[in-house]
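# Structural features, examined
Spelled out from the first residue to the last, the chains are:
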Amino acid sequence: MKDDLGAGGAKVGGAELNLEIRVREQAADGSDTVSATEPKAQKNETWLMQTGVLAVVLLLAGTYTVFHIGKGWVPADDGTLSQSAVRVLQGQLPHRDFGEIYTGGLSFIHALAFRMWGVNLMSLRICVFLFFLAWLPAVYYIALRFTPALGAGAVTLLAVSWSYPNYPAAMPSWYNLFFTTFGAAALLRYLEVRNRRWLVLAGICGGASILIKVIGAYYIAAVLLFLVFVEQSETANAPPGLGSSRRSSWFSLFSGSALLLFLATLIYVLHSRLGSTEIYHFVLPSTILVVLLLSGEWKVRAATSHRFITLFRTLIPFLSGVSLPIVVFLVPYVRAGAVWTFLSGITASAVARTAGLGVVRPIGIEKFTYVLPLVGVLAAAMYWENFQGKIVGAALGLAAMVIVWRAYSSGDIAYAVWCSVALLTPGAVLWGAVMVWLRKHEGGHTKLQRQQIVLLTSLAAICTLVQFPFAAPIYLSYAVPLTFLAILAIVSTCKVKPGTYALTSVIGMYFAFGVVCLVPHYIYEITYLIGDVQTMQNPRAGKLQIEEAVFFDTLAHFLRDHSPNGLMYAGNDCPELYFLSGLRNVAYDDGGQSPEDTLKAIRTENLNLVVINDAPFFPGAAMRPDVKAEVARRFPHTTRFGIFQIFWKR
């Protein structure tokens, strides 16, 4: 097979995949050129079959998620998201008129949700659920590039079981995952048709992701690494007249410096909390990609000018797309003369958020032994002839059922299965990079396939940084679907044996584990196991079901009764009280402020009510004793509701 985009007969999913030229794009010089190929469905697989599988996936995933969407919460999370949306609904701008811990774009989306479905917590969950439903076809579309419809549906359901249903709150990191996946689908489409509008769309996804939370920059970084690889692979065999026999030393210097600067910046960001586990989980994947790209420079002989032109033809559309939503978002800040306030607010909130989160270390690399059985099964399914039969597949399926059944009642077994995924991303990135490098000049893999692998492994490698510095279990769920897709691309592209039965057993086991063990156990709650839940009756709760429903209903009613003018100060990490009570904060920040700002807030004229959280989620948010003493002096009446101490004047 020829090493170009027009090659045919590649093996994907164990069946013949014909590559057919579909799209003609106008070249930069104005001439019509065939630019790419687009995968065609397998011979016995129709468009109706693919659509039918997607419909079933949407039905199953949607129904399953609806069952969980109204259960459980983290009060500070739901309170922060809802209170920020309320302030935007009132005409305030994030970072200018109130403290916003994220970029601010999500507050506008949620304010729109409040306007459409009412001011209650379920409106936010309906909003993110709709994004989740839009995410499913994107995952399915990506999976279809590497496997038939049934396999793509199974992988999509696997991604569902390890992601959003585990914590159905409208957290910004879910939106980051969704927009990253949308961008990945657009980039895969670009590789197939070579139309730069898909680069613009991928950039828009990145810009929107950053506006929701600054970690959307991880997606941007991953795509930039991918575009460097695309440039290398496109110019590696530049035809005569476009390049020279001499290596493009100036471009190599530029590219190498940029790659090393990226790696140095990453290490600098991580350096204060950089141990062996952080090096493995966060530094190693990026280092592998940088090494792959640096090693590729030695094979490229095209002229510097040609290489810069090739790179900028992809960079400019992508970065233009990134800038588009950001420019639109900044319009009201420009009109208000508050752009600098916005930028400084983002910086301050990001620093404060990182410091406030504290440290939850990733799983130690000594647990890597839990990954080895999974790697062994995948390798055997890819390369071992005797591993392909129905008997082996049935044995693996039976073993998978036993493991899931035991994991439900055994914490040790559940932990082992969890570790096999939590430690998987660096290994998957290394695996993908090795396959791309070793197969670069072999006929079994086209340039298109290598570019697809690099795209998905880059996203998996960089977006796993969402777990830094707070690698609580739920943070793995914000990124692990990207790892699943990267592994799918690697296995489907590089395997030489069908492996259908064995791979089906693997997917089935991890899917069942997610449904049976992860979701029911509320993995987002790291402090204790959640018990029975009741429905909240507060209108602003939207019938949310939580453990302490009666407690929060009673507390919200008490707060309203003790603030006749509708003012309250609820200090240090209890924004949910503002939202549930409907009372207005007298301060700038709903989550908590400095001791000096707190003292200023409690001296506000006509303030009658103050609440102190004696057990904030993050211990660093605890109120200083002298500030608490001043509250007690100015507000002589007091009572306690659980962890909340309430003070009032009359």
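Residues numbered from 1 in each chain as written. Predicted model: local features only at pLDDT ≥ 70, side-chain atom pairs only at ≥ 80, totals over all residues. Heavy atoms only, no water.

## Quick look at the overall build of the protein
Operational definition: Helix and strand assignments come from DSSP, with helices taken as H or I runs of at least 4 residues and strands as E runs of at least 2, each series counted from the N terminus. Each residue's exposure class comes from its accessible area (1.4 Å probe, protein chains only) as a fraction of the maximum for that residue type: buried when under 20%, exposed when over 50%, partly exposed otherwise. All accessibility values rest on the Shrake-Rupley procedure with a 1.4 Å probe; residue burial counts only the protein chains present in the view.
Check the secondary structure of the protein and you find 24 helices and 13 strands. Residues classed as buried in the protein amount to 56% of the 650 residues present. Split by element, the accessible area of the protein, about 27,000 Å² in all, is 65% carbon and sulfur.

## Some details on the sheet that holds strand 9 (residues 567-571)
The criterion, for reference: Two strands pair if DSSP finds at least two bridges between them. The criterion used for residue contact is that any of the two residues' heavy atoms lie within 4.5 Å. All axes here are fitted lines through C-alpha atoms, helices being fitted over the stretch that makes contact, and every angle between N-to-C directions spans 0 to 180 degrees.
One open sheet accounts for 5 strands, arranged 10-9-11-13-12; its pairing is mixed. With one partner strand each, in any of the chains shown, strand 10 (584-585) and strand 12 (637-641) form the two edges of the open sheet. Of the strand pairs in this sheet, strand 9 and strand 10 are connected by 2 bridges, and their pairing is parallel. Counterpart to M568 in the pairing with strand 10 is N585. Each of strand 9, strand 11 (609-613), strand 12 and strand 13 (644-648) touches helix 21 (residues 549-561); the most contacted strand, strand 13, lies at about 15 degrees to it.

## Looking at the packing of helix 7 (residues 197-212) against helix 8 (residues 216-235)
When two helices pack together, their arrangement is captured by the angle between the axes and the distance separating the axes. Going by this rule: By definition in this entry, angles of less than 35 degrees are roughly parallel, angles greater than 145 are roughly antiparallel, angles of 65 to 115 are roughly perpendicular, and the rest are oblique. Residues are grouped as follows: Ala, Val, Leu, Ile, Met, Phe, Trp, Tyr, Cys and Pro are nonpolar; Asp, Glu, Lys and Arg are charged; all remaining types, including Gly, are polar.
Where helix 7 meets helix 8, the closest approach of the two axes is 7 Å, and the angle between their N-to-C directions is 150 degrees. By the angle class used here, helix 7 and helix 8 are roughly antiparallel. Of the residues in helix 8, those touching helix 7 at L199, A202, C205, G206, S209 and I210 are G216, A217, Y219, I220 and L227. A breakdown of the residues in the contact of helix 7 with helix 8 according to their chemical character gives 8 nonpolar, 3 polar and no charged.

## Some thoughts on the pairing of strand 11
Along strand 11, 5 of the 5 residues are buried, which leaves the element largely enclosed by surrounding structure. Residues of strand 11 alternate between two faces, with L609, V611 and N613 on one and V610 and I612 on the opposite face, all of them buried. In the sheet, strand 9 pairs with strand 11 via 3 bridges, with the strands oriented parallel. What sits directly across from Y569, in strand 11, is V610. Relative to strand 13, strand 11 runs antiparallel, the two being bridged by 5 bridges. Opposite I612, over in strand 13, you have Q645 as the bridge partner.

## With respect to the environment of D597
Tracing the backbone through its elements, the reader meets D597 in helix 23 (residues 595-602). Along the primary structure D597 and A587 are separated by 10 residues, whereas in three dimensions their C-alpha atoms are 8.0 Å apart.

## Quick look at helix 11 (residues 304-336)
This is how the line gets drawn: Helix span, as expected, comes to 1.5 Å for every residue beyond the first. Fitting one axis to the seven residues ending at a residue and another to the seven starting there, the bend at that residue is the angle between the two axes.
Taking 1.5 Å of rise per residue, 33 residues should cover 48 Å, and helix 11 covers 45 Å from first to last C-alpha, within 8% of that figure. The largest bend along helix 11 reaches roughly 40 degrees and is located at L330, with the proline P332 sitting one to four residues downstream. G337 sits one or two positions beyond helix 11 and adopts a positive phi of about 65 degrees.

## Let's talk about the nonpolar core
Rules: By nonpolar core is meant a set of buried Ala, Val, Leu, Ile, Met, Phe, Trp, Tyr and Cys residues that side-chain atoms within 4.5 Å join together.
Counting 198 residues, the largest nonpolar core has W135, W162 and W174 as the members making the most contacts within it. By size, the runner-up hydrophobic cluster in this structure holds 8 residues, among which are L93, L211, L330 and I346.

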